[in-house]
Amino acid sequence: MRRLTYGPDASQFAELTEPDGPSRGVVVVIHGGFWKEAYDCSLGRPLAADLASRGWAALNLEYRRVGNGGGVPQTLDDISAGIDLLADTDLDLSTVVTLGHSAGGQLAAWAAGRHRLAPWSDARVRLTEVISQAGVLDLAAAHQAGLGSGAVERFLGVVDDDTLGLADPSRQLPLDVRLWAVHARDDEDVPFGQSEAYVARAGPRATLVEVTGGHFGVIDVTSPAWADIVEILET
């Protein structure tokens, strides 16, 4: 595992784990935690290790979060810059997948369309696919539902058309790439309806994959939900 930095802040780094032998592509792992400082990239390390064992290069991405300088736009700046670290490696970037859990699912989906937004129009690395793991894919609906006890408002700063236009994946439709929304119907933290409604609006490039295991099964590498994610990557 190599540590790469993309800025001076202590949270502006990524951990790159490469497989033995040629890489099948790159998976950018983006952890969740409702964008809060309390949760960090240690959540993504088991996923990165498992992916590398399956032949993928895994970039486990850390970023500034609410409480340590993050929020909109800083967190979005970090996600874009962190992904762009790949442009300075010798990895084959013909397949670059973002894999994000919960709030990380929002960031994973957002990153696929960031080049359409003026602040990030110079993004150097384009994604080819997105896998959202119980992602917060509609920030406006999440705010109205009070998910994370006000986490959306703290992340956005002000919930209005300007900030939603910058950050909300549901405002970026139609999709430029394929997206799989992997979600358990018994998720008690992010409602299944977040993924269900997003896929219904997104059209044929989005696929809803219903799994079991609640909110955290999708990041347990021993779970059936993770096996379903691995099967998606096999395609």
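Let us look at helix α7 (residues 192-202). Count 3.6 residues to each turn of an α-helix, and residues three or four apart come out pointing the same way. When α7 is considered as a whole, its buried residues turn out to be Phe 192, Gln 194, Ser 195, Tyr 198, Val 199 and Ala 202. The buried residues of α7 occupy an angular sector of 165 degrees when the element is viewed end-on, so they sit on one face. Set apart from the buried face of α7 by more than 90 degrees, the exposed residues are Ala 200 and Arg 201. Check the buried side of α7 and you find it contacts α4 (139-145), β7 (178-184) and β8 (206-211). Immediately downstream of α7, the backbone of Gly 203 shows phi near 90 degrees, a positive value.

Taking burial as the measure, the five residues of strand β3 (residues 26-30) include five buried ones, the bulk of the element. Pairing geometry for β3 and strand β4 (residues 57-61), over five bridges, is parallel. Following the sheet pairing, Val 27 is matched in β4 by Ala 58. For the crossover that starts at β3, traverses helix α1 (residues 45-53) and ends in the parallel β4, the hand is right-handed. Bridge count for β3 against strand β5 (residues 96-101) is five bridges, and the pairing is parallel. Looking at the pairing, Val 27 lines up with Val 97 of β5.

Let us look at the packing of aromatic side chains. Following the criterion strictly, the structure yields three aromatic pairs and no others. With a centroid separation of 4.5 Å and an interplanar angle of 5 degrees, the aromatic rings of Trp 35 and Phe 155 are classed as stacked. One end of the pair, Trp 35, is in the loop between β3 and α1; the other, Phe 155, is in helix α5 (residues 151-156), and 120 residues separate them in sequence. Trp 35 gets classed as buried once you look at its relative accessible area, which sits at 1%. Site record: aromatic cluster; members linked through ring pairs are Phe 34, Trp 35 and Phe 155. A cation over an aromatic ring shows up here: Arg 3 above the ring of Phe 13, its NZ or CZ 3.7 Å from the ring centre.

Bringing empty space enclosed by the protein into the picture now. Tallied over the full model, the rule gives two cavities of 30 Å³ or more. Along the walls of the largest cavity sit Ala 109, Ala 112, Gly 113, Arg 116, Pro 169, Gln 172, Pro 174, Leu 175, Asp 176, Val 177 and Tyr 198, which together make up its complete lining. Classifying every residue of the lining of the largest cavity by side-chain character gives seven nonpolar, two polar and two charged. In this structure, the second largest cavity is lined by Val 29, Ile 30, His 31, Gly 32, Leu 43, Gly 44, Leu 47, His 101, Gln 133 and Ile 219. Considering only residue class, the lining of the second largest cavity consists of five nonpolar, five polar and no charged.

In terms of nonpolar packing, the biggest core is built from 55 residues, with Val 28, Trp 35, Ile 79, Leu 139 and Phe 155 touching the most fellow members. With near-sequence residues (within four places) excluded, Ile 79 lies in contact with Ile 30, Leu 61, Tyr 63, Leu 107, Trp 110 and Ala 111. In this structure, Ala 48, Ala 58, Val 218 and Ala 225 belong to the second largest nonpolar core, which totals 23 residues.

This paragraph deals with the side chain of His 115. Secondary-structure assignment places His 115 in the loop between α3 (103-112) and β6 (129-133). For His 115, a relative accessible area of 17% corresponds to the buried category. Apart from the residues within four sequence positions on either side, His 115 is in contact with Trp 120, Ser 121, Arg 126 and Asp 176.

Contact pair helix α2 (residues 74-84) / α3: the axes reach a minimum separation of 10 Å and the direction vectors enclose 65 degrees. As judged from the angle between their axes, α2 and α3 are roughly perpendicular. Between α2 and α3 lies a crossing whose hand is right-handed. Touching Thr 75, Leu 76, Ile 79, Ser 80 and Ile 83 of α2 are Gln 106, Leu 107, Trp 110 and Ala 111, all from α3. Broken down by class, the residue content of the contact of α2 with α3 amounts to six nonpolar, three polar and no charged.

Conventions used here
- Residues numbered from 1 in each chain as written.
- Predicted model: local features only at pLDDT ≥ 70, side-chain atom pairs only at ≥ 80, totals over all residues.
- Heavy atoms only, no water.
- Buried < 20%, exposed > 50% of the residue type's maximum accessible area, 1.4 Å probe, protein only.
- Helix = DSSP H or I, 4+ residues; strand = E, 2+ residues; numbered from the N terminus.
- Arc of directions from axis to C-beta.
- Contact = heavy atoms within 4.5 Å.
- Pairing = 2+ DSSP bridges.
- Right-handed = clockwise from strand over helix to strand, strands pointing away.
- Phe/Tyr/Trp six-rings, centres within 6.5 Å; stacked < 30°, edge-to-face > 60°.
- Lys NZ or Arg CZ within 6 Å of the ring centre and 35° of its normal.
- 1 Å grid on protein atoms, 1.4 Å probe; cavity = no way out; pocket = protein on both sides within 12 Å on 5 of 7 lines; lining within 4 Å.
- Points joined across faces, edges and corners; volume = space filled by probe spheres on them.
- Nonpolar A, V, L, I, M, F, W, Y, C, P; charged D, E, K, R; others polar.
- Core = buried A, V, L, I, M, F, W, Y, C linked by side-chain atoms within 4.5 Å.
- Axes fitted to C-alpha atoms, helices over the stretch in contact; angles between N-to-C directions.
- Parallel < 35°, antiparallel > 145°, perpendicular 65-115°, else oblique.
- Left-handed = near helix turned anticlockwise from the far one by under 90°.

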